[in-house]
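Report on the structure
Now for the letters of each chain:
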Amino acid sequence: DTAVSQTPKYLVTQMGNDKSIKCEQNLGHDTMYWYKQDSKKFLKIMFSYNNKELIINETVPNRFSPKSPDKAHLNLHINSLELGDSAVYFCASSQGDSPVYNEQFFGPGTRLTVL
Amino acid sequence: GQNIDQPTEMTATEGAIVQINCTYQTSGFNGLFWYQQHAGEAPTFLSYNVLDGLEEKGRFSSFLSRSKGYSYLLLKELQMKDSASYLCAVRDDYKLSFGAGTTVTVRA
């Protein structure tokens, strides 16, 4: 009965490789997010989708490309991985993107290590 | 943009009370959230304030003053399991921005 799930939990890869992280939510939420949490613990929004439509696209290198095949899934593909991409990536979902109701439910995180 | 400040670390004794302050400057305000994050785990929602005043939820309470750009999270009757990072987050017109978090260590 996992609410927000991510795979893989750990990802170790070489610089220059391309990798994907998958996220699924079974809460029936309309909005999904990708966050990056670096070694200093700052949690920063990267992307947000509402009903498969991109609504937030922060200043993120275009090596990062999100894809939402349906509103229950939001995947993150990263091309040409760099050392600075090493971080924990969290997927999250919320009922909607309205400010009125914005409690977010987070997945367990994917710890990406680029060597 | 957002500017969210909270102390880096706090230590308290089991059974005691700890207050974690958060100050913010934001262009547009639509609520302030507190999340708890245990080491190696995902953040989990604790509280939400959009109007001034105190919201109480069991051992945890959160206060907001919009005119001062200030909030605090009050943890009462501390337990060892409360050792975690506490993240203050502010919602502007379209996104949630997080502070760096306050690591609370509860000692026996």
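Preceding this section is the structure that the text describes.
Below: a short report on this structure. Worth saying up front: this structure is predicted, and the values here are computed from it rather than measured. (Residues numbered from 1 in each chain as written. Chains lettered and ligands numbered in written order. Predicted model: local features only at pLDDT ≥ 70, side-chain atom pairs only at ≥ 80, totals over all residues. Heavy atoms only, no water.)

Here we take up the overall build of chain B. Helix and strand content of chain B: zero helices and 11 strands. For chain B, the sequential pattern of α-helices and β-strands runs β-β-β-β-β-β-β-β-β-β-β. A compact globule built from 108 residues would reach a C-alpha radius of gyration of about 13 Å, and chain B, at 13 Å, matches this within 12%. Principal axes of the C-alpha set define a box for chain B whose edges measure 40 × 30 × 20 Å. Buried positions account for 47% of the 108 residues belonging to chain B. A separation threshold of at least 6 residues defines the contact pool for chain B, and within that pool the share at least 24 residues apart is 54%. Just so you have it, chain B exposes about 5,100 Å², and 48% of that area is on carbon and sulfur atoms. The distance from the centre of the 9 positive side-chain charges to the centre of the 11 negative ones in chain B is 2 Å. (Helix = DSSP H or I, 4+ residues; strand = E, 2+ residues; numbered from the N terminus. Rg over C-alpha atoms; globule rule 2.2 N^0.38 Å. Buried < 20%, exposed > 50% of the residue type's maximum accessible area, 1.4 Å probe, protein only. Contact = heavy atoms within 4.5 Å. Areas by Shrake-Rupley, 256 points an atom, 1.4 Å probe, with all protein chains shown as cover. Lys, Arg positive; Asp, Glu negative; His and termini not counted. Charge placed at Lys NZ, Arg CZ, Asp CG, Glu CD.)

Now for the pairing of strand 11 (residues 102-107) of chain B. All names here are of chain B. Across the two faces of strand 11 the burial differs, with T102, V104 and V106 buried and T103, T105 and R107 not buried at all. Sheet analysis places strand 9 (residues 84-91) next to strand 11, joined by three bridges and oriented antiparallel. Considered in strand 11, the bridge of Y86 is made with T102. (Pairing = 2+ DSSP bridges.)

On the chain B side, the residues contacting the 20 residues of chain A number 18 residues. Linking chain A to chain B there are one salt bridge. Its salt-bridge partner being K95 of chain B, residue E58 of chain A comes within 2.7 Å of it at the nearest N-O pair. The tally of links from chain A across to chain B stands at four residue pairs in polar contact (both at pLDDT 80 or more). When contributions to the side of chain A that touches chain B are tallied by element, the ones reaching two or more residues are strand 4 (31-37) and strand 5 (43-50) of chain A. (Salt bridge = Lys/Arg side-chain N within 4 Å of Asp/Glu carboxyl O. Polar contact = N/O pair within 3.5 Å; in protein donor to acceptor, adjacent residues only side chain to side chain.)

A separate point is the sheet that holds strand 7 (residues 64-70) of chain A. Residues and elements named next belong to chain A. Strand order across the open sheet formed by four strands is 1-3-8-7, with antiparallel pairing between neighbours. Of all the strands in the sheet, the pair left with one neighbour each is strand 1 (4-7) and strand 7. Averaged over neighbouring strand pairs, the angle between their axes works out to 20 degrees when direction is ignored. (Axes fitted to C-alpha atoms, helices over the stretch in contact; angles between N-to-C directions.)

All names here are of chain B. The final tally for this structure, using the stated rule, is seven salt bridges over all chains. For D52, the salt bridge is made with R66, and the minimal N-O distance between the two is 3.0 Å. Here D52, found in the loop between strand 5 (44-49) and strand 6 (53-57), pairs with R66, found in the loop between strand 7 (60-65) and strand 8 (70-75); they are 14 residues apart in sequence, far enough to count as distant. Among the salt bridges present, the one from E56 reaches K76, with a minimum N-O distance of 3.5 Å.

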